[in-house]
Amino acid sequence: MAFTVASSSLKSVARLSQKFRPTRAAVSIPSRITSLPALVRHASIFATASTLTLRQSTQRLKETPAMTRSMFIQTETTPNDDSLKFIPGVPVMGEGTAEFLDTRSALVSPLAIRLMGVEGVTGVFYGPDFVTVSKDSEVTWAVMKPEIYSLLMEYFSSGQPLFRSEEDRENAGPQDTRILDTDSETVAMIKELLETRVRPAIMEDGGDIEYRGFDEDGDGLVRVKLKGSCRGCSSSTVTLKSGIERMMMHYIPEVKGVEQVLDQDEEIALEEFNKLEQKLAGKTATKDSG
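S.K.: Any chance you could explain the nonpolar core here in plain terms?
M.R.: Across soluble globular proteins, nonpolar side chains have a tendency to be buried as a group. In this structure, Tyr126, Val131, Ile148 and Leu152 are the most contacted members of the largest nonpolar core, which totals 28 residues. Among the secondary structure elements, those contributing two or more residues to this core are β2 (83-87), β3 (98-100), α3 (110-116), β4 (121-126), β5 (131-135) and α4 (141-158). In terms of residue count, the dominant contributor to this core is α4 (seven residues). Ranked by size, the runner-up nonpolar core spans 19 residues in total, among them Tyr211, Leu226, Ile244 and Val255.

S.K.: Is there a simple way to think about the environment of Pro79 in this case?
M.R.: With respect to the helices, strands and loops of the structure, Pro79 is situated in the loop between β1 (74-77) and β2. Relative accessible area serves as the criterion here: at 41%, Pro79 is assigned to the partly exposed category. Through-space distance from the C-alpha of Pro79 to that of Gly206 is 9.0 Å; in sequence the pair is 127 residues apart.

S.K.: Just to check I follow, could you spell out the pattern of salt bridges for this structure?
M.R.: Any two side chains of opposite charge can pair, given that their charged atoms come close. Under the definition given, this model contains eight salt bridges. Here Asp208 ties to Arg199 by a salt bridge, and the two come within 2.7 Å at their closest N and O atoms. Between Glu210 and Arg212 there is a salt bridge, with the nearest N and O atoms lying 3.1 Å from each other. Given a relative accessible area of 40%, Arg212 falls into the partly exposed group. Each of Glu195, Arg199 and Asp208 takes part in salt bridges that share partners, so that together they form one network.

S.K.: Looking at this model, I keep getting lost on a negative patch on the surface. Mind explaining?
M.R.: There is a patch of like negative charges on the surface, built from Glu185, Asp215, Glu216, Asp217 and Glu254. Tracing the chain through its elements places Glu216 in the loop between β6 (207-214) and β7 (221-228). For Glu216, a relative accessible area of 39% corresponds to the partly exposed category.

S.K.: Explain the sheet that holds strand β8 (residues 257-260) to me, please; I cannot follow it from the model alone.
M.R.: Whenever strands of a sheet pair, they do so through backbone hydrogen bonds, lying parallel or antiparallel. Across the sheet, three strands lie side by side as β6-β7-β8; this open sheet has mixed pairing. The sheet is open, and its two edges are formed by β6 and β8, each paired on a single side. Each strand of the sheet is rotated relative to its neighbour by a mean of 35°, with strand direction disregarded. Sheet analysis places β6 next to β7, joined by seven bridges and oriented antiparallel. Looking at β7, one finds that Tyr211 is bridged to Val224.

S.K.: Explanation requested: the environment of Lys225 in the structure shown.
M.R.: Tracing the sequence through the fold places Lys225 in strand β7. Given a relative accessible area of 1%, Lys225 falls into the buried group. Between the C-alpha atoms of Lys225 and Tyr211, which are 14 residues apart in sequence, the distance is 6.5 Å.

S.K.: Honestly, the side chain of Ser109 in this entry has me stumped. Any pointers?
M.R.: Within the secondary structure layout, Ser109 lies in the loop between β3 and α3. A distance of 2.7 Å separates polar atoms of two side chains, one belonging to Ser109 and the other to Tyr126. Among residues more than four places away in sequence, those in contact with Ser109 are Phe100, Tyr126, Leu162 and Phe163.

S.K.: I would appreciate a short explanation of the packing of aromatic side chains in the present structure.
M.R.: For any pair of aromatic rings, geometry is given as the distance between the ring centres together with the angle between the planes. Across all of its chains, the model carries six aromatic pairs by this definition. An angle of 70° between the planes, with centres 5.2 Å apart, marks the rings of Phe100 and Tyr126 as edge-to-face. Placement of Phe100 in strand β3 and of Tyr126 in strand β4 is noted, with a sequence separation of 26 residues between them. Taken together, a centroid distance of 6.1 Å and an interplanar angle of 35° make the contact between Phe125 and Phe130 tilted. Clustering of aromatic rings is evident, with ring pairs tying together Phe100, Tyr126 and Phe163.

Thresholds, definitions, all that
- Residues numbered from 1 in each chain as written.
- Predicted model: local features only at pLDDT ≥ 70, side-chain atom pairs only at ≥ 80, totals over all residues.
- Heavy atoms only, no water.
- Core = buried A, V, L, I, M, F, W, Y, C linked by side-chain atoms within 4.5 Å.
- Buried < 20%, exposed > 50% of the residue type's maximum accessible area, 1.4 Å probe, protein only.
- Helix = DSSP H or I, 4+ residues; strand = E, 2+ residues; numbered from the N terminus.
- Salt bridge = Lys/Arg side-chain N within 4 Å of Asp/Glu carboxyl O.
- Patch = residues over 30% accessible without salt bridge, like charges linked within 9 Å, V, L, I, M, F, W, Y side chains within 5 Å.
- Areas by Shrake-Rupley, 256 points an atom, 1.4 Å probe, with all protein chains shown as cover.
- Lys, Arg positive; Asp, Glu negative; His and termini not counted.
- Charge placed at Lys NZ, Arg CZ, Asp CG, Glu CD.
- Pairing = 2+ DSSP bridges.
- Axes fitted to C-alpha atoms, helices over the stretch in contact; angles between N-to-C directions.
- Polar contact = N/O pair within 3.5 Å; in protein donor to acceptor, adjacent residues only side chain to side chain.
- Contact = heavy atoms within 4.5 Å.
- Phe/Tyr/Trp six-rings, centres within 6.5 Å; stacked < 30°, edge-to-face > 60°.

Have a look at this one:
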């Protein structure tokens, strides 16, 4: 009796297994490619189309310019604590220099107008491969540098031109040391010395020098204008007298001295500085006498 029940149970399980056995889905192949050669030919066409699509996508990726480029901007200190030299690792002016001391003069350069918009920036100077930024003494570099870094990196990575037009670029560059047909031999020698010996040395400190004239028939003084980080620098007088003046007088006997030409704002700042020094000196003398 037990054997009969077990046998009946096994038959029931077998019938259930057959009933719920999964059926294999039939794959329909179009009649036109049922033959083996046609099927191979169809697969070959599909593979060729896929390869062409991949090649086109790769070509589009190659033609699409990169939106961002990595750039490492270095900074160098200058003798002027309120001026910092930024070196982007790419050419800036290439040749010549340009200086912007207010937003009006900076309108010819999109980068300069952006930098002048940073709170605390008082001047922007372009060198061959660097940008010197000058600031107000009341603002710290720690606050300003991140924004300046961001502006420089964004601008030089974009590949935009430095000036709005080629004419603006030519007008911004220095024209002072260009030797003219009307220049005397002495003036030509002064300009050549400034261009080949003095200017490269001053650019190392993030500044520049501009020739303003030579009184050949009078006091024999060469008048120059210091720019960039050298503008308003406390050591500029030492540089002018110990370096530039000595070199000029050594190579050109007609030169009797070198004098710095100051703008109106610089004259006022220098006058206030001298007043402050006199006031401090007076307080020190009174303290010592007491």
